[in-house]
Every structure is written in C-alpha cells, then in structure tokens.
Amino acid sequence: GGPRLDQTDGEQRIAIVGGGLAGSLLALALARRGHGVDVYERRPDPRRQDGAAGRSINLGLSKRGMQALAMVGLLEQVLARAVVMRGRVIHAPDGSTRYQPYGRDAGEVLHSIDRNELNRLLLDRAEALPGVRLHFEHRLLRADKARRELELDSPRGRLTVRPLWVAGADGAFSCMRRELQHGERADYHQEYLEWGYKELTLAPLADGGSAIELTALHVWPRSHCLFVSHPNLDGSHTLTLFLPHEGEESFATVRTPEQVAALFRRHFPDLQAMLPGLLEQWASHPTGSLITTRTAPWRFDDWAVLLGDACHAVYPFYGQGMNSAFEDCCVLMAALAARPADRAAAFSEYESARRPHTDVLAELSKANFVELRQKVQSPWFIARKRLDLALNRLWPRRWLPLYTMIAHSTMPYGEALARSHRQERLLRTVLACALAVGGVGLAVAALGVPV
Ligand code: FAD
C-alpha cells in the first residue's frame, strides 16, 4: 500500500517543517498560546550529538532576535550563554588594529551565541511544553494542498499527516516553499555569491584567556578575501574566511598545505601565527556557499505559511539572517493574534507586513559585504562613522546611524533605510550650505581687502 496516514489528533495540530532556529522558536511561541504543535525535522536530534563535528559555530544576536527570545521567555537564559561584542576590531595587513564601537551607549552591543547550543535550548524548552512533539529524521517530501496533507520520509517509512495548518521553516532550500508555490503564480529568485566560506577555530590560550580581544567582533578586511570572527564563552573564536570559489586566489586554487600557508603568509600573517592546527582544520572543514533568495507568495490560503530562510535567505554580512527569522515569528504571532477567526487574512497580513522589509534586508546584506571588505579601512568611511556617532550623540532621537537602526532597533528594515536616506540628504544639504557660506565668506574677505 501507499504511505500510512499517521493521524490521531493531527487535524487539530499545527505542523512545523524544520526544527532549526525559526522552527523551534515558533513551536515554542505557538505552544505557549496553547496550540498543539508537531515539528518535523530532517536531521537527527542535535541534543544527542556533539554539535557540528565538535565545532562551535556562532551567530551575532541583536535587538530583533532578542525581542523574539523575550517573547518566549528565553532572553535571559540565552544572554547568559552569549559573549557580548561591544564593537569591531579591524586588523590591517601590517598587523595594526583599530577599534570601532557598535553604538553610542552601553546597550548597543551584539551577543555572540553558539548556534547549536541555541537550537538545543529552544528544542528543550519547546519539548517541555505539553503541546509540542518533536519528530527527528522526518523529512518533508511532498505537500498536497488540495488534500491538506504532508508526506514525510521517516525511520518508520513513508507517512502522511493532515495538520490544521503548516509553517515552512525548512531553510534556504525549502521543500515547503517549492510545494506551497507548485502550480501557483509564484516568483522565485535565487542568487549565489561568487564567494564561499570556511569556518576555522582559534583556540583559547593555555591559561584559558583569549588570543585576541574577547568582547568584540574581529574583521581582517582584504580586497580579495575577508576573515570575520565571533567569540565563544571558553575564550575561543570562530573564524570565518570568505574567499572566491574560483579565480587566481580562491578555494579552487588554495588547496595544498603550501598554498594555504602562502595565502595566510600573504594576507593574514598575524592569524597564521595564532593558528597552529591551521592545515588540519583547512583540510577537514567544509567550504560553504552563500545564497540570497527572494520569493512570493509566502502563504497558501489558510493552510500554509513560510518563515525564516525558507522565504528570505540573505548573505550573512549584516548578521541579520537569524535575527530576521526570529522577527518573522513575532510578526506572524501578532498577525495570528489580531485575526483569530481568519487565518488566511492573518497569513496575508503577515506577508504584507514583512516581505518588503526582508527584500530590503537582502540588499543591505549585499551592500555590507563591500563595507566589510573595503570600506571599513578607508579614512573617509571612518570619518563618516565618527560623524554619524557624533550626530547621534547630539540628537539621539533625531539622528540614527543605519547600522544602529538595523542592529539595535526593531524599526522595520525598509523604514530604517528610508530614514537613513533622508538623513544623508539632510547632511549633504547642510554640508553644501556650509561650503557655500564658507565660499561666500572667503570671496567677501578677498574682495573686501583694501588694495
Ligand atoms: P535553518 O537554521 O537553516 O533551519 C532549517 C531547518 O530545516 C534545518 O534544521 C534543516 O535540517 C531542516 N530541513 C530542511 N529541509 C527539510 C525537510 N525537507 N524536511 C524537514 N526538515 C527540513 N544570522 C544572524 O542573525 N547573525 C549572524 O551572525 C549570522 N551569521 C551567519 C554566518 C554564516 C556563515 C551563515 C551561513 C549564516 C549566518 N546567519 C546569521 C544566518 C542564519 O544562520 C540563518 O538565517 C538562520 O539559521 C535561519 O534560520 P531558519 O530556521 O530559517 O533556517
């Protein structure tokens, strides 16, 4: 026979496809409101494993993500497991460093958190609630919108479930998105970055201290490659090297121990000295790809909705992927609460409230790639940042640097960008006027000098 219909009280329960960051947080939020939730996750239970091959991969948590964690009562626990990053340290090729604070006041900081630990905590808390069931090694294969059924591959074989509705939180290569949009007038755009990435670990010192400043994000900007590092509680740092996939100096050409050593000698001699196990790490850690996606619609009738990377994967250069996925949960929960009797309208309002802003985030994340690689070192950029912070200090409510609005506020991304453009125009006008007044003054002075 065909797949089994695994149905007890399933029709009253919500299905979440993907038990990653967004899926586990949404499960928690829905269960706290009294809903029954089944989470179907393709991978084995991460709590029964030693992380990603024992490595710690961490993410920068900022205001939007913190707001979502507060919504499910987990913010304090998460912050207790995170390292505060107060600014970024820029490492120049000659080994010198420069510190750039993230914001004007002490609250404008980021938090570096181990991604696996955060996921395990969210799953633990979700599972502790009576309404939640977690199903690991359950992979979505197909969604039948007409019958309102999901077909899954599981250790017990194929099974079919018929949930009340489904949230697709199955990441950048979402199966739920494909199924939801199948046969619909749907848009889908995906773009691969020509650069890939590799994660390496900078071990703590023998005395448990950190080899580089612990409470900061570190950046080694070079025009053809870039290192970024996030700190861990044990004094180690997760380093991420961004390098083109192909070309003269690329993942395709830097393969042998000699080629790796030469790359570090040329661009990162300071790091090379701190990474004794570099060659082994290089050989054993995978090279990842980076993708941006934009898509519509995010919903189907009153039965299915998407969130997180499943509907808006972005490059990681603004550190907003997880934060925006978490923010989706807040917006979706608010829309469901506002429309308790009309789920189709709630899904539609969620998409309208969210999609224009995540599209803006995709562009901002691309632009920040250039900023991190090239601009952070330019004297003009540094002066501009200082001016931004000085104006913010003078007029804390009126003048907000773009980075502050994105990372340290929950102002919708599109509004933040529009406001930043308005500020930019104002600044240009003021500077032009100042120059004109200065020019007139000079002319008057020159003409007024008695001959
Ligand atoms: P995911 O975390 O990808 O979870 C999707 C889940 O769905 C996975 O568990 C997967 O196994 C499961 N799944 C997939 N297909 C199926 C299926 N068919 N059936 C069942 N389950 C399925 N974000 C930040 O906010 N700050 C940062 O500093 C940051 N740094 C980053 C650095 C790098 C190098 C990268 C690559 C990303 C970074 N991000 C960062 C982005 C962040 O990792 C993602 O945006 C976030 O993980 C998205 O969460 P998600 O739950 O939508 O997707």
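Residues numbered from 1 in each chain as written. Predicted model: local features only at pLDDT ≥ 70, side-chain atom pairs only at ≥ 80, totals over all residues.

- As annotated in an unreviewed UniProt entry, the chain carries the name Kynurenine 3-monooxygenase and is attributed to Rugamonas rubra.
- Annotation of the chain in UniProt includes, under Catalytic activity (unreviewed entry), the sentence "L-kynurenine + NADPH + O2 + H(+) = 3-hydroxy-L-kynurenine + NADP(+) + H2O".
- Turning to the chain, the UniProt annotation filed under Pathway (unreviewed entry) states: "Cofactor biosynthesis; NAD(+) biosynthesis; quinolinate from L-kynurenine: step 1/3." (UniProt positions renumbered as here; feature names shortened; annotations may be inferred.)

### Some thoughts on the site of the ligand
- The immediate surroundings of the ligand are formed by 32 residues, with Gly-18, Gly-20, Gly-171, Gly-308 and Gly-321 found nearest.
- Mapped by element, the contributors of at least two residues to the shell around the ligand are α1 (21–32), β3 (37–41), β4 (58–61), β10 (139–144) and α9 (321–338).
- If one sorts the elements of the shell around the ligand by residue count, α9 sits on top with 4 residues.
- Among the residues making up the shell around the ligand, the classes are represented as 13 nonpolar, 13 polar and 6 charged.
- Here the shell around the ligand spans two domains, and each of domain 1 (4–82 + 112–190 + 291–368) and domain 2 (193–289) adds at least three residues to it. (Near = placed C-beta within 6 Å. Helix = DSSP H or I, 4+ residues; strand = E, 2+ residues; numbered from the N terminus. Nonpolar A, V, L, I, M, F, W, Y, C, P; charged D, E, K, R; others polar. Domains from an automatic or database assignment.)

### Notes on the sheet that holds strand β9 (residues 132–136)
- On the basis of which strands lie adjacent, the open sheet formed by 6 strands has the order β9-β3-β2-β13-β20-β19 and mixed pairing. Each end of this open sheet is capped by a strand with a single partner; those strands are β9 and β19 (299–300).
- The pairing of β19 with strand β20 (residues 304–306) spans 2 bridges and is antiparallel. Looking at β20, one finds that Phe-300 is bridged to Ala-304.
- Packed onto the sheet, α1 meets β2 (14–17), β3, β9 and β13 (165–168) and runs at close to 170° relative to β3. (Pairing = 2+ DSSP bridges. Contact = placed C-beta atoms within 7 Å. Axes fitted to C-alpha atoms, helices over the stretch in contact; angles between N-to-C directions.)

### Side note on the nonpolar core
- Ile-16, Leu-25, Leu-26, Ala-27, Met-176, Leu-307 and Cys-329 are the most contacted members of the largest nonpolar core, which totals 99 residues.
- Excluding its chain neighbours within four sequence positions, the residues that come into contact with Leu-26 are Ile-16, Ala-167, Ala-169, Leu-307 and Cys-329. (Core = buried A, V, L, I, M, F, W, Y, C linked by C-beta atoms within 7 Å. Buried ≥ 20, exposed ≤ 12 C-beta atoms within 10 Å, placed from the backbone.)

### Thoughts on the domain arrangement of the chain
- One can read the domain layout of the chain as domain 1 (4–82 + 112–190 + 291–368), domain 2 (193–289) and domain 3 (379–448).
- Taking only C-alpha atoms into account, the centre of domain 1 sits 39 Å from that of domain 3.
- Taken together, the contacts link 11 residues of domain 1 with 9 residues of domain 3.
- Every element with two or more residues in the side of domain 1 that touches domain 3 is listed here: α2 (63–71) and α10 (343–373).
- For the side of domain 1 that touches domain 3, the leading source of residues is α10, giving 5 residues.
- Here the residues of the side of domain 1 that touches domain 3 sort into 5 nonpolar, 4 polar and 2 charged.

### Topic: the packing of α9 against α10
- For the pair α9 and α10, interaxial distance at closest approach is 8 Å and the crossing angle is 155°. The angle between α9 and α10 places the two elements in the roughly antiparallel class. As for how α9 packs across α10, the hand of that crossing is right-handed. On α10, the residues touching Ser-324, Asp-328, Val-331, Leu-332, Ala-335, Leu-336 and Ala-338 of α9 are Ala-346, Glu-349, Tyr-350, Ala-353, Arg-354, Thr-358 and Leu-361. (Parallel < 35°, antiparallel > 145°, perpendicular 65-115°, else oblique. Left-handed = near helix turned anticlockwise from the far one by under 90°.)

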